[in-house]
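The lines below spell out each chain.
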Amino acid sequence: MDHYLQVVFQMLLLESCFDMDLLETGSQTFFALICCNQEKFRQLVNELLTKMQNEPKYYERLSTAFNKLTPFAMKFDLTRKTKVRFQENFDKFLVNVRGFLCVK
């Protein structure tokens, strides 16, 4: 599962050629993989944040966006309510950070 989470993380967040028509399916897959391996997700987030440390403006923006994407109190289960909440958070997340992540 680690490998798939890493691939989807890379595709959704860092590749500029991602087909946005697949966003809903991609974010659902991403959430399911996060639920299966939260530790790997945290590792991927930390690695990305570490790469951004030299750019304080982007680092802060990205860190805040990840905290809003997966708030501390969020349950990682596959209930409809949680999936919808994640989808909404993910849409906002992409609006806030995808532009500068794809350029990097």
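The text that follows walks through the structure, step by step, so that each part is easy to find.

Reading the values: the criteria
- Residues numbered from 1 in each chain as written.
- Predicted model: local features only at pLDDT ≥ 70, side-chain atom pairs only at ≥ 80, totals over all residues.
- Heavy atoms only, no water.
- Helix = DSSP H or I, 4+ residues; strand = E, 2+ residues; numbered from the N terminus.
- Buried < 20%, exposed > 50% of the residue type's maximum accessible area, 1.4 Å probe, protein only.
- Contact = heavy atoms within 4.5 Å.
- Areas by Shrake-Rupley, 256 points an atom, 1.4 Å probe, with all protein chains shown as cover.
- Lys, Arg positive; Asp, Glu negative; His and termini not counted.
- Charge placed at Lys NZ, Arg CZ, Asp CG, Glu CD.
- Core = buried A, V, L, I, M, F, W, Y, C linked by side-chain atoms within 4.5 Å.
- Salt bridge = Lys/Arg side-chain N within 4 Å of Asp/Glu carboxyl O.
- Phe/Tyr/Trp six-rings, centres within 6.5 Å; stacked < 30°, edge-to-face > 60°.

1. Focus on the overall build of the protein chain
Within the protein chain, the regular secondary structure consists of five helices and zero strands. Along the protein chain, from the amino end to the carboxyl end, the secondary structure elements read α-α-α-α-α. With the principal axes as the frame, the protein chain shows a C-alpha extent of 40 × 30 × 25 Å. Looking at the protein chain residue by residue over its 104 residues, the buried ones come to 40%. Excluding contacts between residues fewer than 6 apart, the proportion of contacts in the protein chain whose partners are at least 24 apart in sequence is 72%. Split by element, the accessible area of the protein chain, about 6,600 Å² in all, is 52% carbon and sulfur. Considering the protein chain, the positive charge centre built from 14 side chains and the negative charge centre built from 12 side chains are found 6 Å apart.

2. Topic: the nonpolar core
By size, the foremost hydrophobic cluster in this structure holds 30 residues, and its most contacted members are Phe-30, Leu-62, Phe-66, Phe-90 and Phe-93. Every element with two or more residues in this core is listed here: helix H1 (2-14), helix H2 (23-36), helix H3 (38-51), helix H4 (56-69) and helix H5 (80-103). With seven residues, the single largest contributor to this core is H5. Here Leu-62 is in contact with Leu-48, Leu-49, Met-52, Phe-93, Val-97, Phe-100 and Leu-101, once residues within four sequence places are set aside.

3. Examining the pattern of salt bridges
A full pass over the atoms with the stated rule returns one salt bridge. Measuring nitrogen to oxygen at the nearest pair gives 3.5 Å for the salt bridge that ties Glu-39 to Arg-42. Taken together, the positions of Glu-39 and Arg-42, both in helix H3 and three residues apart, correspond to about one turn of that helix. You can call Glu-39 exposed: its relative accessible area is 52%. Under the relative-accessibility criterion, Arg-42 is labelled partly exposed at 41%.

4. Description of the side chain of Thr-70
Here Thr-70 shows up in the loop between H4 and H5. Once you skip the residues sitting within four places of it in the chain, Thr-70 turns out to touch Phe-41, Phe-76 and Phe-86.

5. Overview of the packing of aromatic side chains
Per the counting criterion, the structure on display carries 12 aromatic pairs. Centre to centre, the rings of Phe-9 and Phe-41 are 6.4 Å apart; their planes meet at 75°, and the pair counts as edge-to-face. Of this pair, Phe-9 sits in helix H1 while Phe-41 sits in helix H3, placing them 32 residues apart in sequence. As far as the burial class goes, Phe-9 and Phe-41 line up, both buried.

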